[in-house]
Amino acid sequence: EHWDASTGGSWRYVSVLDSEEYAFHGCFHEVRPDRIVQTFTWEGDPDGVALETLDFEDLGDGRTRLHAQSLCDSFEDRDAWLRSGMETGVNEGYATLDGLLADGTL
């Protein structure tokens, strides 16, 4: 729905799968060329807020390595997120991004 990728900005994303809606939102705490710190909340569990840190490492030749860390409130929350299939969505998102970069769309 919106994406303001600047320090102090926010974002919200809604996905529909098999006619079921899944919504996520967060705030950008720090946005720099080499680092993003943001919150991530699945609106189906509004008390489960994760703090995500994304560090970008320049590998040269136009390549970048992403180091990502997500911190959540408890081991139980972490395990529930992993069981939810979130990993599949993350991997699909990165594959889509790789495709867009490869074909010059981005």
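Along each chain, numbering runs from 1 in the same order as the chain's sequence is written. This being a predicted model, a pLDDT of at least 70 is required before a residue's local features are given, and a value of 80 or more before pairs of side-chain atoms are given or counted; all residues contribute to the totals for chains, interfaces and linings. With hydrogens and water set aside, each side-chain value is computed from the structure's full complement of heavy atoms.

Considering the side chain of glutamine 38
No. 1: Numbering of helices and strands starts at the N terminus; helices are DSSP runs of H or I of at least 4 residues and strands are runs of E of at least 2. Note that glutamine 38 resides in strand β4 (residues 35-42).
No. 2: Within the structure, glutamine 38 has its side chain in polar contact with the side chain of glutamate 52 (distance 2.7 Å). N or O atoms within 3.5 Å of each other form a polar contact, as long as, within protein, one can give a hydrogen and the other can take it, and as long as residues adjacent in sequence are counted only when both atoms are side-chain atoms.

Regarding the nonpolar core
No. 1: Among the buried residues, those of types Ala, Val, Leu, Ile, Met, Phe, Trp, Tyr and Cys that are joined through side-chain atoms within 4.5 Å form a nonpolar core. Classification of residues uses two cut-offs on accessible area relative to the type maximum, computed with a 1.4 Å probe and protein chains only: under 20% is buried, over 50% is exposed, and between them is partly exposed. Core analysis: the largest hydrophobic core is formed by eight residues, namely Trp11, Phe24, Phe28, Ile36, Phe40, Ala50, Leu54 and Trp81.
No. 2: Going through the elements one at a time, β3 (20-32), β4 and β5 (49-60) are the ones with two or more residues in this core.
No. 3: The contact criterion used throughout is that any non-hydrogen atoms of two residues lie within 4.5 Å. Non-local contacts of phenylalanine 24, meaning those with residues more than four positions away in its chain, are made with Trp11, Arg12, Tyr13, Phe40, Thr41, Trp42 and Glu43.

A look at the pattern of salt bridges
No. 1: In the sections that follow, a salt bridge refers to a side-chain nitrogen of Lys or Arg positioned within 4 Å of a carboxyl oxygen of Asp or Glu. As enumerated under the stated definition, the model contains eight salt bridges in all.
No. 2: Arginine 12 serves as the salt-bridge partner of glutamate 1, at 2.6 Å between the closest nitrogen and oxygen. Of the two residues, glutamate 1 is situated in the segment before β1 (2-3) and arginine 12 in strand β2 (residues 10-17); the sequence distance between them amounts to eleven residues.
No. 3: Across the salt bridge formed by arginine 35 and aspartate 55, the nearest N and O atoms sit 3.1 Å from each other. Residue arginine 35 is found in strand β4, and its partner aspartate 55 is found in strand β5; the two are separated by 20 residues along the sequence.
No. 4: Residues joined in a network through salt bridges with shared partners are Glu30, Arg32, Asp34, Arg35 and Asp55.

Looking at the pairing of strand β6 (residues 63-71)
No. 1: In this sheet, β6 lies alongside β5 in antiparallel orientation, the contact comprising nine bridges. Each residue of the ladder has a partner; that of aspartate 58, found in β6, is threonine 64.
No. 2: Any two strands between which DSSP finds at least two bridges are classified as paired. Taking the residues between adjacent antiparallel strands as the criterion, β5 and β6 are bridged by two residues, where aspartate 61 takes a positive phi near 55°.

Observations concerning a nonpolar patch on the surface
No. 1: Every patch collects residues that have over 30% relative accessible area and no salt bridge, joining them within 9 Å if they carry like charges and within 5 Å if they are nonpolar side chains (Val, Leu, Ile, Met, Phe, Trp, Tyr). Using the Shrake-Rupley algorithm and a 1.4 Å probe, accessible areas are obtained, with residue cover drawn only from the displayed protein chains. A surface patch of nonpolar side chains, about 470 Å² in accessible area, is lined by Phe56, Leu66, Val90, Tyr94, Leu97 and Leu101.
No. 2: In terms of residues, the nonpolar patch owes the most to one element, helix α2 (residues 86-102), which gives four residues.
No. 3: Residue placement: tyrosine 94 occurs in helix α2.

On their own, these measurements won't tell you what the molecule is for.
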